[in-house]
Amino acid sequence: MTVKEILKDAFSLKSDTADHEEIRNRLVEGGQVTGTNMCVLMLAIFIASIGLNMNSTAVIIGAMLISPLMGSIQAAAYGTATADLRLFRKSMIGLMFQVAVCLITSTLYFLISPISTTTSELLARTQPTIWDVLIALFGGLAGIIGITRKEKSNVIPGVAIATALMPPLCTCGYGIATGQWRFLLGAGYLFLVNSYFIFFSSAAILLVLKVPKKKEIREITPEQWKRLKKAIIRNTIIMILPSIVVAYIMVQNTNADKESLTGFEKENVSIESITKQIRILFPEVEKVEISTVEFVNEQKKVEKKRVFNLTVSEELSKEKEKIMEEWIRELYSEPCEICQKIKE
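Criteria and thresholds
- Residues numbered from 1 in each chain as written.
- Predicted model: local features only at pLDDT ≥ 70, side-chain atom pairs only at ≥ 80, totals over all residues.
- Heavy atoms only, no water.
- Helix = DSSP H or I, 4+ residues; strand = E, 2+ residues; numbered from the N terminus.
- Buried < 20%, exposed > 50% of the residue type's maximum accessible area, 1.4 Å probe, protein only.
- Contact = heavy atoms within 4.5 Å.
- Areas by Shrake-Rupley, 256 points an atom, 1.4 Å probe, with all protein chains shown as cover.
- Core = buried A, V, L, I, M, F, W, Y, C linked by side-chain atoms within 4.5 Å.
- Disulfide = S-S within 2.5 Å.
- Arc of directions from axis to C-beta.
- Polar contact = N/O pair within 3.5 Å; in protein donor to acceptor, adjacent residues only side chain to side chain.
- pLDDT = per-residue confidence, 0-100.
- Expected span 1.5 Å × (residues − 1).
- Phe/Tyr/Trp six-rings, centres within 6.5 Å; stacked < 30°, edge-to-face > 60°.
- Axes fitted to C-alpha atoms, helices over the stretch in contact; angles between N-to-C directions.
- Parallel < 35°, antiparallel > 145°, perpendicular 65-115°, else oblique.
- Left-handed = near helix turned anticlockwise from the far one by under 90°.
- Nonpolar A, V, L, I, M, F, W, Y, C, P; charged D, E, K, R; others polar.

## A few points about the overall build of the protein
Then, in step 1: Each helix and strand counted, the protein has 15 helices and three strands in total.
Then, in step 2: Looking at the 344 residues of the protein, the share that counts as buried comes to 39%.
Then, in step 3: Long-range pairs, those at least 24 residues apart, make up 75% of the contacts in the protein with a sequence separation of at least 6.
Then, in step 4: For the protein, the exposed area adds up to about 20,100 Å²; of that, 62% sits on carbon and sulfur atoms.

What follows is the structure in structure tokens.
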């Protein structure tokens, strides 16, 4: 047995593929926009909106897991792969209806909510980059491979989290409710990127699996196929370009920041990252500011230490402060000092 044959067998998708009728039933059922799917959609909208509003990653993940939006996209991809124009149109209309419901509901929620703070979870959905494109592409591939297997796969929940669809739409609702159009544009673009590449990768895998075409559809001529390929390439480039620009700007800014730091400061964990970790461990902490100061040690040598200025809702107990200090010291392996300020 040659290496080529071994690799072909190792990565073959056909050995455990479900029959075509089963695949069709799963995808068409997942793309329904009535009954259970719509009820779950409404619940997912509220859960995602509350999670974004309260800056809770766990709650947002829950909304991603139950959101049925990916089902409509995969159903549309199945309609494309099988040349079923009626199914494609029905799925796309259903998706647009779901999107409209998401935008209206999330906008109303953020208009009513007494909390209008721009959280880090909201901000995270406003600057999609080329890495988001890759996540959507690979996530879409994993999702359609999982759903076309004979046995039910545990891939789908992971794909739902990786290729987030609901949070960007709810972030758009926040942008509309607060009149911040950069949230609407950034999060809207992230949703489009995720949707397009889930659709693209799903259709590609279904074509590889050779799902049967509708009998009444005539064969595509070479000229039509050539025009179709050009349209796919053009649309993909248009979809990717803005994300490449954003990623380039982000990398340039990061490099510029690194060049402006001293050797001691370059080792700092990012403030956003450390803030998230501290807030999980110590819910009383609302804001973290890190600075570096010099001091003279017992041997009369000049050393540096990090000072953590914490804005807290209520003062941490001595026990908690000691736990935090030990945790930070373990993280940095260097001296540190903790200063607390109660939020006014």
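## Things to note about the nonpolar core
Then, in step 1: Leu41, Ile45, Leu69, Cys102, Leu165 and Met166 are the most contacted members of the largest nonpolar core, which totals 30 residues.
Then, in step 2: Of all the secondary-structure elements, those providing two or more residues to this core are helix H3 (36-54), helix H4 (57-66), helix H5 (69-81), helix H6 (85-112), helix H10 (166-178) and helix H11 (181-208).

## Structural notes on unusual backbone geometry
Then, in step 1: With a phi close to 60°, Ala83 is a non-glycine residue in the positive phi region.
Then, in step 2: Looking at the secondary structure, you find Ala83 in the loop between H5 and H6.
Then, in step 3: Even without being a glycine, Lys210 presents a positive backbone phi close to 55°.
Then, in step 4: Relative to the helices and strands, Lys210 is located in the loop between H11 and helix H12 (222-259).
Then, in step 5: Residue Lys210 is classed as exposed on the basis of its relative accessible area, which comes to 61%.

## A closer look at the state of the cysteines
Then, in step 1: Throughout the structure, instances matching the rule amount to zero disulfides.
Then, in step 2: No disulfide involves Cys172; its sulfur sits 8.9 Å from that of Cys170, the nearest cysteine.

## Here we look at helix H2 (residues 20-30)
Then, in step 1: For H2, every residue scored as buried is listed here: Ile23, Arg26 and Leu27. Seen from one end, H2 has its buried residues packed into an arc of 90°, which puts them on one side.
Then, in step 2: Capping the start of H2 is the job of one residue whose side-chain oxygen sits 3.2 Å from the backbone nitrogen of Glu21: Asp19.

## Re the environment of Phe46
Then, in step 1: Looking at the secondary structure, you find Phe46 in helix H3.
Then, in step 2: Taking the C-alpha atoms as reference points, Phe46 and Cys102, separated by 56 residues in sequence, lie 9.2 Å from one another.

## Looking at the confidence of the model for the protein
Then, in step 1: Considering every residue of the protein, the mean pLDDT works out to 81; 86% of them sit at 70 or more.
Then, in step 2: Taken as a whole, residues 260-269 scores under 50 in pLDDT and shows 17 contacts with residues more than four places along the chain or in a different chain.

## Remarks on H10
Then, in step 1: Relative to the 18 Å expected for 13 residues at 1.5 Å per residue, H10 spans 19 Å between its end C-alpha atoms, a close match to the ideal helical length.
Then, in step 2: Among all positions of H10, only Met166, Pro167, Pro168, Leu169, Cys170, Thr171, Cys172, Gly173, Tyr174, Gly175 and Ala177 are buried.
Then, in step 3: Those residues of H10 that are buried lie in contact with H3, H4, H5, H6, helix H7 (120-123) and H11.
Then, in step 4: Looking at the residues trailing H10, positive phi occurs at Gly179, about 70°.

## As for the packing of aromatic side chains
Then, in step 1: Tallied over the full model, the rule gives seven aromatic pairs.
Then, in step 2: Centre to centre, the rings of Tyr109 and Phe110 are 5.2 Å apart; their planes meet at 80°, and the pair counts as edge-to-face.
Then, in step 3: Residue class for Phe110 comes out buried when judged on its relative accessible area of 6%.
Then, in step 4: Counting every residue linked through ring pairs, the aromatic cluster contains Tyr109, Phe110, Tyr174 and Phe183.

## Thoughts on the packing of helix H8 (residues 130-147) against helix H9 (residues 155-162)
Then, in step 1: Relative to each other, H8 and H9 sit at 160°, their axes nearing to 9 Å. In this view, H8 runs roughly antiparallel relative to H9, as classed from their interaxial angle. H9 is crossed by H8, and the crossing has left-handed handedness. Together, Ile135, Gly139, Ala142, Gly143, Gly146 and Ile147 of H8 and Val155, Ile156, Val159 and Ala162 of H9 make up the contact between the two elements.
Then, in step 2: Residue classes in the contact of H8 with H9 are distributed as seven nonpolar, three polar and no charged.

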